[in-house]
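Topology and contacts: notes
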Amino acid sequence: MKKTLEYLENMKKILDDIINEQLTEIEKCSLAFADALERGSNIFLFGTGHSHILAEELFYRAGGLVKIQPVLETALMLHESASKSTEIERLEGYAEIIFESYSMKKDDVIVIISNSGRNGVCVDMASLAKEKGLTVIALTNLRHSKSGASRHKSGKKLYEFADIVLDNMGCIGDASIYFEEINRNAAPTSTSAGAAILNAAVCGCIEKMLSDGITPEVFSSSNIDGGDEINEQFIRKYKNTIKSL
């Protein structure tokens, strides 16, 4: 099982690279989260295809921030038609419909997740959010993004619109382990690395809010005694303002 170990060793190296090269950007993300929550603004997370998983990763999560708004657009997810979602994520103009339906506004924060950062919807979303005065955070793979052309009419990629750029430090194409017998790579890293980056940013956000004398709202696990009671209070408070809650 050499390839099993190779993948896990590769993930360890990526996490080391994130610590060595991304800590400053993660801390900026933490501060942006804390500032938004302290002033009553929203934190949105948006991704297409597999990247939408990271929007769900921070939402309604044991030990996660309560006031998280995942932007979950069925047509851009995988559970109804994965191949169709690939086509739609390249469709320019679609992001404006999503933006309006979530009532995003000036001083909110949006994390836009895209490994390649080249497709129409994520670039449109970043451009529109920037124009409307949101803080735009890109979670992307700079090595991949810089290796190919944009599919957006502007010729730009996601990271070029971002105030903060979080690099998942993956390889071009995401799949990280080569198998000679099939002449193809397998085993992507972007989801695992992205989850680590975002949860690290949440830790920094909580730390910052506590240092500011503000008690952050954090979900409990519903599978420990007393967890349901803690979470129910937050659900009642935000049921009408967090769209997916």
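Everything below is about the structure printed above this text.
In this text the structure is predicted, and so the values were computed from the model without any measurement.

What to know about the overall build of the chain
Across its full length, the chain holds 9 helices and 7 strands. Along the longest, intermediate and shortest principal axes, the C-alpha atoms of the chain span 55 × 45 × 35 Å. Across the 245 residues that make up the chain, the buried fraction comes to 49%. At a minimum sequence separation of 6, the contacts of the chain that also span at least 24 residues come to 75%. On the chain, roughly 12300 Å² of surface is accessible, and the fraction owed to carbon and sulfur atoms is 50%. With 27 positive and 35 negative side-chain charges, the chain shows a separation of 4 Å between the mean positions of the two kinds.

With respect to the packing of helix H5 (residues 94-101) against helix H6 (residues 120-131)
Interaxial distance between H5 and H6 falls to 8 Å at its minimum, and their mutual angle equals 50 degrees. In terms of orientation, H5 lies oblique with respect to H6. Note that H5 runs across H6; the crossing there is right-handed. Where H5 abuts H6, its residues Tyr94, Ala95, Glu96, Ile98 and Phe99 lie against Val121, Asp124, Met125, Leu128 and Ala129. Each residue belonging to the contact of H5 with H6 can be placed in one class, and the counts come to 8 nonpolar, no polar and 2 charged.

Some words on the pairing of strand E1 (residues 43-47)
Judged by how many residues are buried, E1 sits mostly within the fold: 5 of 5 residues are covered. Alternating positions in E1 separate into two faces, Ile43, Leu45 and Gly47 on one and Phe44 and Phe46 on the other, with burial throughout. Pairing of E1 with strand E2 (residues 68-71), which is carried by 4 bridges, proceeds in the parallel orientation. For Ile43, the partnering residue across the bridge sits in E2 and is Ile68. Remark: the E1/helix H3 (residues 52-57)/E2 crossover connection has right-handed handedness. Pairing of E1 with strand E3 (residues 109-113) involves 5 bridges; the strand directions are parallel. Within E3, the position partnered with Gly47 by the bridge is Ile113.

Section: the packing of aromatic side chains
By the definition in use, this model includes 3 aromatic pairs. Seen from their ring centres, Tyr60 and Phe219 are 5.2 Å apart, and the 85 degrees between their planes marks the pair as edge-to-face. Taken together, the positions of Tyr60 in the loop between H3 and E2 and Phe219 in the loop between helix H8 (190-211) and helix H9 (227-238) put the pair 159 residues apart, joining distant regions of the chain. According to the relative accessible area criterion, Phe219 is buried, its value standing at 3%. For the pair Phe219 and Phe234, a centre-to-centre distance of 5.9 Å together with 90 degrees between the ring planes defines the contact as edge-to-face. Of the two residues, Phe219 is situated in the loop between H8 and H9 and Phe234 in helix H9; the sequence distance between them amounts to 15 residues. With relative accessibility at 15%, the residue Phe234 sits in the buried group. Grouping aromatic residues by their ring pairs yields a cluster made of Phe59, Tyr60, Phe219 and Phe234.

Conventions adopted
Residues numbered from 1 in each chain as written. Predicted model: local features only at pLDDT ≥ 70, side-chain atom pairs only at ≥ 80, totals over all residues. Heavy atoms only, no water. Helix = DSSP H or I, 4+ residues; strand = E, 2+ residues; numbered from the N terminus. Buried < 20%, exposed > 50% of the residue type's maximum accessible area, 1.4 Å probe, protein only. Contact = heavy atoms within 4.5 Å. Areas by Shrake-Rupley, 256 points an atom, 1.4 Å probe, with all protein chains shown as cover. Lys, Arg positive; Asp, Glu negative; His and termini not counted. Charge placed at Lys NZ, Arg CZ, Asp CG, Glu CD. Axes fitted to C-alpha atoms, helices over the stretch in contact; angles between N-to-C directions. Parallel < 35°, antiparallel > 145°, perpendicular 65-115°, else oblique. Left-handed = near helix turned anticlockwise from the far one by under 90°. Nonpolar A, V, L, I, M, F, W, Y, C, P; charged D, E, K, R; others polar. Pairing = 2+ DSSP bridges. Right-handed = clockwise from strand over helix to strand, strands pointing away. Phe/Tyr/Trp six-rings, centres within 6.5 Å; stacked < 30°, edge-to-face > 60°.

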